[in-house]
Amino acid sequence: MGSLLSILIEPFAFGFMQRGLAAGILIGISCAVLGAYVVLRGMAFIGDAMAHTILPGIVVAFLNGVSLFWGALIAAIVTALGIGWFSKEGEVREDTAVGVMFSGLFALGILLLSKLRSYRDLSHILFGNILGVSDADLLVIAGVCLIVLIAVIVGYKELLVTSFDPGHAISIGLSPSLVRYALLMLLALTIVTAIQAVGVVMVVALLVTPAATANLLTKQLPNMMILGALFAAAASLIGLYASYYADVASGASIVLALTAMFVLAYLFAPGRGWVWRALKR
Amino acid sequence: MDLNYGKTCDIPAIAGEPAVAIDHLNFTYPDAANPALHDISLTVEKGEKVALVGPNGAGKSTLIKLIAGLEPAPPGKIRVYGNPVGDCHHKVAYVPQRGDVDWRFPVSVRQVVMMGRYVHIGWFNRAGLEDRAAVQRALDMMELTDLADRQIGELSGGQQQRVMLARSLAHEADLLLMDEPLNNLDVRTQESIFDVMDHLADAGRTLIVSTHDLGVLPMHFTRAIFLDKEIVADGPPKEVLTARTLLRAYGVHIHDHEGIWDNGIAAQHPH
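Numbering of residues begins from 1 in every chain and follows the order in which that chain's sequence is written. Written order decides the labels, with chains lettered from A and ligands numbered from 1. Residue-level local features of this predicted model are given only where pLDDT is at least 70; pairs of side-chain atoms are given and counted only at 80 or more, and the full residue set underlies all totals for whole chains, interfaces and linings.

### Describing the overall build of chain A
Turning to step 1, where the next piece is worked out: Tallying secondary structure elements over chain A gives 13 helices and 0 strands in all.
Turning to step 2, where the next piece is worked out: Starting at the N terminus and ending at the C terminus, chain A contains elements arranged as α-α-α-α-α-α-α-α-α-α-α-α-α.
Turning to step 3, where the next piece is worked out: Radius of gyration (C-alpha) of chain A: 19 Å, near the 19 Å computed for a compact globule of 281 residues.
Turning to step 4, where the next piece is worked out: Expressed as lengths along the three principal axes of its C-alpha atoms, the size of chain A is roughly 60 × 60 × 35 Å.
Turning to step 5, where the next piece is worked out: C-beta atoms are first placed from the backbone for all residues, and any pair lying within 7 Å is then listed as a contact. When contacts within chain A are restricted to residue pairs at least 6 apart in sequence, those whose partners lie at least 24 apart make up 71%. Here a strand is any run of E in DSSP of at least two residues, a helix any run of H or I of at least four, and the numbering for each starts at the N terminus. Computation of the radius of gyration draws on C-alpha atoms, with the globule rule given as 2.2 Å multiplied by the number of residues to the power 0.38.

### Section: the overall build of chain B
Turning to step 1, where the next piece is worked out: Helix and strand content of chain B: 10 helices and 10 strands.
Turning to step 2, where the next piece is worked out: Every C-beta atom is placed from the backbone, and the number of other C-beta atoms within 10 Å of a residue's own sets its class: buried at 20 or more, exposed at 12 or fewer, partly exposed in between. Here chain B holds 271 residues, and the buried ones make up 43% of them.
Turning to step 3, where the next piece is worked out: Considering only contacts in chain B between residues 6 or more positions apart, those separated by 24 or more positions represent 69%.

### A few points about the sheet that holds strand 9 (residues 223-227) of chain B
Residue and element names in this part refer to chain B.
Turning to step 1, where the next piece is worked out: Two strands qualify as a pair provided that DSSP identifies no fewer than 2 bridges between them. Here we have 6 strands laid out as an open sheet, ordered 6-7-8-3-9-10, and mixed in their pairing. Either end of the sheet is taken by a strand with one partner, and the two such strands are strand 6 (92-95) and strand 10 (231-235). Averaged over all adjacent pairs, the angle separating strand axes in this sheet is 15 degrees, with direction ignored.
Turning to step 2, where the next piece is worked out: Across 4 bridges, strand 3 (residues 49-53) lies against strand 8 (residues 206-210) in parallel orientation. Looking across to strand 8, one finds that alanine 51 is bridged to valine 209.
Turning to step 3, where the next piece is worked out: Between the N-to-C directions of two axes lies an angle of 0 to 180 degrees, each axis being a line fitted to C-alpha atoms and, for a helix, fitted only over the stretch in contact. Sheet strands touched by helix 1 (residues 60-68): strand 3, strand 6, strand 7 (175-179), strand 8 and strand 9. Its angle to strand 7, the strand with the most contacts, is close to 150 degrees.
Turning to step 4, where the next piece is worked out: Sitting on the sheet, helix 6 (residues 187-202) is in contact with strand 3, strand 7 and strand 8, with an inclination near 145 degrees to strand 8.

### A closer look at helix 8 (residues 156-164) of chain A
Within an α-helix, residues lying three or four positions from one another point in the same direction, as the helix has 3.6 residues per turn.
Turning to step 1, where the next piece is worked out: Counting buried positions along helix 8 of chain A yields 8 of 9 residues, so the element is predominantly enclosed.
Turning to step 2, where the next piece is worked out: All buried positions along helix 8 of chain A are accounted for by Lys157(A), Glu158(A), Leu159(A), Leu160(A), Val161(A), Thr162(A), Ser163(A) and Phe164(A).
Turning to step 3, where the next piece is worked out: The inward-facing, buried residues of helix 8 of chain A contact helix 2 (15-40), helix 7 (135-154), helix 9 (166-171) and helix 10 (176-217) of chain A together with helix 3 (118-121) of chain B.

### Some words on the packing of helix 5 (residues 157-171) of chain B against helix 6 of chain B
All names here are of chain B.
Turning to step 1, where the next piece is worked out: Put simply, helix 5 and helix 6 touch, their axes get as near as 10 Å, and they point 10 degrees apart. Classed by the angle they form, the pair helix 5 and helix 6 counts as roughly parallel. As for the relative orientation of helix 5 and helix 6, their crossing is right-handed in sense. Each of Gly158, Gln161 and Leu165 in helix 5 lies in contact with helix 6, whose residues at this interface are Thr189, Ile193 and Val196.
Turning to step 2, where the next piece is worked out: In this count, Pro and Cys sit with the nonpolar residues alongside Ala, Val, Leu, Ile, Met, Phe, Trp and Tyr, while Asp, Glu, Lys and Arg are called charged and the others, Gly among them, polar. Class assignment of the residues belonging to the contact of helix 5 with helix 6 gives a composition of 3 nonpolar, 3 polar and no charged. For classification, angles of less than 35 degrees are called roughly parallel, those exceeding 145 degrees roughly antiparallel, those between 65 and 115 degrees roughly perpendicular, and all remaining angles oblique. Less than a right angle of anticlockwise turn of the near helix away from the far helix marks a crossing as left-handed, whereas a clockwise turn marks it as right-handed.

### Notes on the sheet that holds strand 2 (residues 37-44) of chain B
All names here are of chain B.
Turning to step 1, where the next piece is worked out: Ordered in space as 2-1-4-5, the 4 strands form an open sheet in which the pairing is antiparallel. The open sheet has two free edges, formed respectively by strand 2 and strand 5 (83-84), since each of these has just one partner strand.
Turning to step 2, where the next piece is worked out: Two elements, strand 1 (residues 20-27) and strand 2, share 5 bridges in a ladder whose sense is antiparallel. In the sheet register, alanine 21 faces strand 2, and the bridge partner there is threonine 43.

### A closer look at the pairing of strand 8 of chain B
Residues and elements named next belong to chain B.
Turning to step 1, where the next piece is worked out: When you tally the buried positions in strand 8, you get 5 out of 5 residues, the bulk of the element.
Turning to step 2, where the next piece is worked out: Burial of strand 8 is two-sided: the residues Thr206, Ile208 and Ser210 facing one way and the residues Leu207 and Val209 facing the other way are all buried.
Turning to step 3, where the next piece is worked out: Taken together, strand 7, helix 6 and strand 8 form a β-α-β motif whose crossover is right-handed. For a crossover, the right-handed case is the one in which the path from the first strand over the helix to the second runs clockwise, viewed with the strands pointing away from the viewer.

### Some points on the nonpolar core
Turning to step 1, where the next piece is worked out: If you look at the biggest cluster of nonpolar residues, it comprises 169 residues, and the most contacted ones within it are Ile54(A), Ile191(A), Val203(A) and Leu177(B).
Turning to step 2, where the next piece is worked out: Counting residues per element, this core draws most heavily on helix 10 of chain A, at 25 residues.
Turning to step 3, where the next piece is worked out: Those residues in contact with Ile191(A) that lie beyond four places of it in its chain are Met50(A), Ala51(A), Ile54(A), Ala76(A) and Val203(A). By convention the nonpolar core is taken to be a set of buried residues drawn from Ala, Val, Leu, Ile, Met, Phe, Trp, Tyr and Cys and joined through C-beta atoms within 7 Å.

### Brief notes about the interface of chain A and chain B
Turning to step 1, where the next piece is worked out: At the interface, 21 residues of chain A touch 24 residues of chain B.
Turning to step 2, where the next piece is worked out: Mapped onto the side of chain A that touches chain B, the elements with two or more residues apiece are helix 8, helix 9 and helix 11 (221-245) of chain A.
Turning to step 3, where the next piece is worked out: Tallied by class, residues from the side of chain A that touches chain B come to 10 nonpolar, 8 polar and 3 charged.

### Quick notes on helix 4 (residues 129-141) of chain B
Residues and elements named next belong to chain B.
Turning to step 1, where the next piece is worked out: Expected helix span is given by 1.5 Å per residue-to-residue step, counting one fewer step than there are residues. Spanning 13 residues, helix 4 covers 18 Å between terminal C-alpha atoms, matching the ideal 18 Å at 1.5 Å per step.
Turning to step 2, where the next piece is worked out: For helix 4, the complete set of buried residues consists of Ala134, Val135, Ala138 and Leu139. Down the axis, helix 4 shows its buried residues gathered within 135 degrees of arc, on one side only. Of the exposed residues in helix 4, the ones pointing more than 90 degrees away from its buried face are Leu129, Glu130 and Ala133.
Turning to step 3, where the next piece is worked out: For helix 4, the secondary structure elements touched by its buried residues are helix 2 (109-114) and helix 5.
Turning to step 4, where the next piece is worked out: Note on helix 4: the residue one or two positions beyond its end, glutamate 143, has a positive phi of about 55 degrees. By definition, the arc is the one covered by directions from the helix axis to the C-beta atoms.

### Some points on the pairing of strand 10 of chain B
Residue and element names in this part refer to chain B.
Turning to step 1, where the next piece is worked out: The sheet contact formed by strand 9 and strand 10 spans 4 bridges and is antiparallel. Bridging across to strand 10, alanine 224 finds its partner in glycine 235.
Turning to step 2, where the next piece is worked out: The hairpin turn running from strand 9 into strand 10, its antiparallel successor, is 3 residues long, and lysine 229 in that turn takes a positive phi close to 70 degrees.

### Observations regarding the packing of helix 3 (residues 44-63) of chain A against helix 10 of chain A
Residue and element names in this part refer to chain A.
Turning to step 1, where the next piece is worked out: Contact pair helix 3 / helix 10: the axes reach a minimum separation of 9 Å and the direction vectors enclose 105 degrees. Considering their axes alone, helix 3 and helix 10 lie roughly perpendicular with respect to each other. Taken together, the residues of helix 10 that come into contact with helix 3 (itself represented by Ala44, Gly47, Asp48, Met50, Ala51, His52, Ile54 and Leu55) are Leu187, Ala188, Ile191, Val192, Ile195, Val200, Val203, Val204, Leu207 and Val208.
Turning to step 2, where the next piece is worked out: Partitioned by chemical class, the residues of the contact of helix 3 with helix 10 number 15 nonpolar, 2 polar and 1 charged.

What follows is the structure in structure tokens.
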């Protein structure tokens, strides 16, 4: 047992592993909490799109030597507003607007990236590098997590009613699109930090999979958020071990761990998993 | 600190104004070729129990949504208690069709009923004692107290409809707009919903209810409005439901209009 414990503890003697773990937990919390709304409101596609459209913002910031965070955030905000603007008049369906913005801006990001010399930078942005989190990054990640938690607690009523019954929200004078923009802003902040862990391409996994897994296991929204955060944090831990011992990509390991959890929950969720339903038949 | 979601209409309703007044309203959905509603004019006085009837696609839901402010009405065409739509959120409750609600959503019965209080609570505030008491009264009245902590998807159809009604009770609105609240319900549940509607009307509330169950009209409504994109007939239910309107609505020929209640016409129309 002593050796197992040392296997588990040993990696965290290193500062980069400690920071990676802290980042994984904090990112997991913000992603799972917002992810609950992403799943319940059917916003998975828009979340994925925002992650991709952030790319040109990051590259422009990198080329100009300013903080990647601000570059990403500005790109995310432009995306959120752009999607709203394109689809507002009903001329273009929202998912179409998202698809157009998403691929166009992602292509712009790739084009800009191809002017960069180092491929290493590209792969970190695309696939994440949770072991490369600096103290300054960690501070930003913690700040975003705090903002998300405060917003979700303070605006709980408003998020709940606009997600569950937008018609009722309108009839009491609460604008669902206002709440939606606020949610998109929070998503932008969260995605920017989550890119550190799993990269642009896989961010949607952190937003959707923990919340979707939790949704299979509980019928209460707060529990869905707490369970989702636990799953995401656990997956980060698994990803860290995998990359430490097996020398595999941490971001991909995190996403695969989350996917495995989802499949397990889908099969074995008490009362409504696939196995359960098959036995009832 | 009070931060209301929208206008509250705390100014007393303009004296002598009806609950709802609609003046030559036309409405076409964006991108639709034909108008959904054509030249609608009507007045609903306080305390009336009005049934909106008509065939599928007649614009019943659209009219209710326009009065509730869910669809943008042309300015000045609809007045609620003498004010423009959207100025009276505290006084107007909208009860959606059961099919329009996501019943898998992870909320409990009590949480949904509490949403009826949000209009009184406002931005970011928490529910107070008064709100909790109002929710409990609504739950008791709809006989949902034992189910209050269940997730809404675990309820039967009739219980779910009672949840939406309980939410509008908690709202304590003066005008209730209900979209097909009687749809696919067993007779017993329908009766309990009629009891609540009667109780609300006795308390001076105004009800506008869309339904395609014609058999219930004469007993439970003071007035029926037959809608088929325009107002075909408007008056006491027995006068509205003539052979002519029924033919128009459902394409069935009724020669003996006295006999329609016995023949169970409500069961014959296609749905």
